[in-house]
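Below, each chain spelled out in residue letters.
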Amino acid sequence: RAKQDGKGGFRFFEAAMDAEAQKRRQMELDLHDAIANGELHLMFQPLFNLGEGRVSAFEALLRWNHPVRGLVSPVDFIPLAEDTGLILPIGEWVIREACRAAMRWPDHVRVAVNVSAVQFRNPGLNAVVLQALGESGLAPQRLELEITESLFIENVEGVLASLHSLRAMGVRVALDDFGTGYSSLSYLRAFPFDKIKIDRSFIIDLMSSKGATAIIKSITTLADALGMETTAEGVENEGQLDILREQGCSQIQGFYFSKPLVEADVAALFLPGGGEMPESAQAA
Ligand code: C2E
Ligand code: MG
Ligand code: MG
Ligand code: MG
C-alpha cells in the first residue's frame, strides 16, 4: 500500500515537472517577442549621495509586463534570458534605453546599468556600449556598469581584461551585491572598481546586530583606502540611514529614499519647479 502511494506520488511529481517545464518553455517563447512587442520598460531608482546631499545617479531596473501574467520580476526572467541567450539583445536594449534616458538629466547625474555574467562574457559588449554612448551622446563617465562577483568564478584574466577595456573607454564599473556569493578581497585588489554596492542582506540586519555595523564599517574603511565609493542597497528606514552615515557610507539606495520611478517621473524631477522627491527623500 505504501508502495502504491509512492508511485502515485511520483506520477504526480512527474506531471508537475512537465507543467513547470512547459510553463518555462512558454515564457521563453514569450520573452523572445517581448522587445518587439514593447513589453519591456525600465524603472529608475535614485542613489542619494550623503556627502553631496543630492541624487548622484539612478539605477536602471528592467521590468517585463507580460500580456497574460502581468508584471514579471527580473529575478524570474533574467535567468531565462541568460539560458536562452536572449540576454544579449535584451541587455543591449537596456544599455541603449538607459543612455537615452540619462541624456534628459543634469550632467552630474549618472545612470547605472546591471550587466549579467553572460552578457559581460560576450565579446560584443564593448561595441554595444560604444554604440549606445555614440547614438545618445552620453559622456562615458555618466554610465556605470554594475557587475557581480559571480563573474569571477571562471576566466578571471579575461574578466579583468574586459573590465580594463571598458574603463579605458571612460565607463565606470561598480561591484554589485557585495558580500554575497563568492566574495573575495582579491577582486578588490585585482581591479579598481569605482564603487562597491553593499548587499541589502547586510543592511537588513543593521538595527539588530552589532556585527552588521562592524561589517559595514570595515567595508567602507576598505573602500575608502582603495579610493572606491560605497552604496548601501535596500535602505528602508531612518535607523539604518543613521548607522550608514555614521559608518562613512557614501551613498544610499532604497525604499526609504525612493522606490524605483518611471522615466517620466525622473525627468519631471529635473524640470524647473516641476516635481519633488518623495517626502521621505527630503527628510534624508
Ligand atoms: P540589484 O541590481 O541588486 O537591484 C536592486 C534590487 O533591489 C531591485 O530589485 C530594487 O527594486 C530592489 N530594492 C531597492 N531598494 C529596496 C528596498 O529598500 N527594499 C527592498 N526589499 N528592495 C529594494 P529588482 O528591480 O526586482 O531587480 C532585482 C535584480 O534583477 C537586480 O538586483 C538585478 O540583479 C536584476 N536586474 C534588474 N534589471 C536588470 C537588467 O536590466 N539587467 C540585468 N542583467 N539584471 C537586472
Ligand atoms: Mg544592481
Ligand atoms: Mg544590487
Ligand atoms: Mg542586491
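Residues numbered from 1 in each chain as written. Chains lettered and ligands numbered in written order. Predicted model: local features only at pLDDT ≥ 70, side-chain atom pairs only at ≥ 80, totals over all residues. Heavy atoms only, no water.

I tried to follow helix 9 (residues 210-225) on my own but got confused; where do I start?
Residue pairs three or four apart in sequence face the same way in an α-helix, which turns once every 3.6 residues. Look at helix 9: 23 Å from first C-alpha to last across 16 residues, which is about the 22 Å you get at 1.5 Å a residue. All of the buried residues in helix 9 are A212, T213, I216, I219, T220 and A223. Down the axis of helix 9, the buried set is contained in an arc of 125 degrees. They therefore lie on one face. Turned more than 90 degrees off the buried face of helix 9, the exposed positions are K210 and A225. Elements that come into contact with the buried residues of helix 9 comprise strand 6 (172-178), strand 7 (195-198), helix 8 (200-204), strand 8 (229-232) and helix 10 (238-246). Residue S209 occupies the N-cap position of helix 9, its side-chain oxygen lying 3.3 Å from the main-chain nitrogen of G211. Of the residues flanking the end of helix 9, it is G227, one or two places downstream, whose phi is positive at about 75 degrees. (Helix = DSSP H or I, 4+ residues; strand = E, 2+ residues; numbered from the N terminus. Expected span 1.5 Å × (residues − 1). Buried < 20%, exposed > 50% of the residue type's maximum accessible area, 1.4 Å probe, protein only. Arc of directions from axis to C-beta. Contact = heavy atoms within 4.5 Å. Polar contact = N/O pair within 3.5 Å; in protein donor to acceptor, adjacent residues only side chain to side chain.)

Explain the site of ligand 1 to me, please; I cannot follow it from the model alone.
Taken together, 22 residues are adjacent to ligand 1, and R63, N114, D176, E236 and F255 come closest. Contact between ligand 1 and N114: an oxygen atom at 2.8 Å from a side-chain N or O atom of the residue. Here E233 contributes a side-chain N or O atom positioned 3.2 Å from an oxygen atom of ligand 1. Bound to the protein, ligand 1 loses 82% of the 800 Å² it would expose on its own. Every element with two or more residues in the shell around ligand 1 is listed here: strand 2 (54-66), helix 2 (74-84) and strand 6. Among the elements that make up the shell around ligand 1, the one with the highest residue count is strand 2 (4 residues). (Near = heavy atom within 4 Å. Areas by Shrake-Rupley, 256 points an atom, 1.4 Å probe, with all protein chains shown as cover.)

Just checking my understanding: could you explain the pattern of salt bridges for this structure?
One side chain can pair with another of opposite charge once the charged atoms of both are near each other. Taken as a whole, this structure holds 17 salt bridges when the rule is applied. Notably, a salt bridge pairs E146 with K197, separated by 2.7 Å at the nearest N-O pair. In this pair, E146 is assigned in strand 5 (residues 143-148) and K197 in strand 7, connecting sequence segments 51 residues apart. Accessibility assignment for this pair places E146 and K197 in one class, buried. (Salt bridge = Lys/Arg side-chain N within 4 Å of Asp/Glu carboxyl O.)

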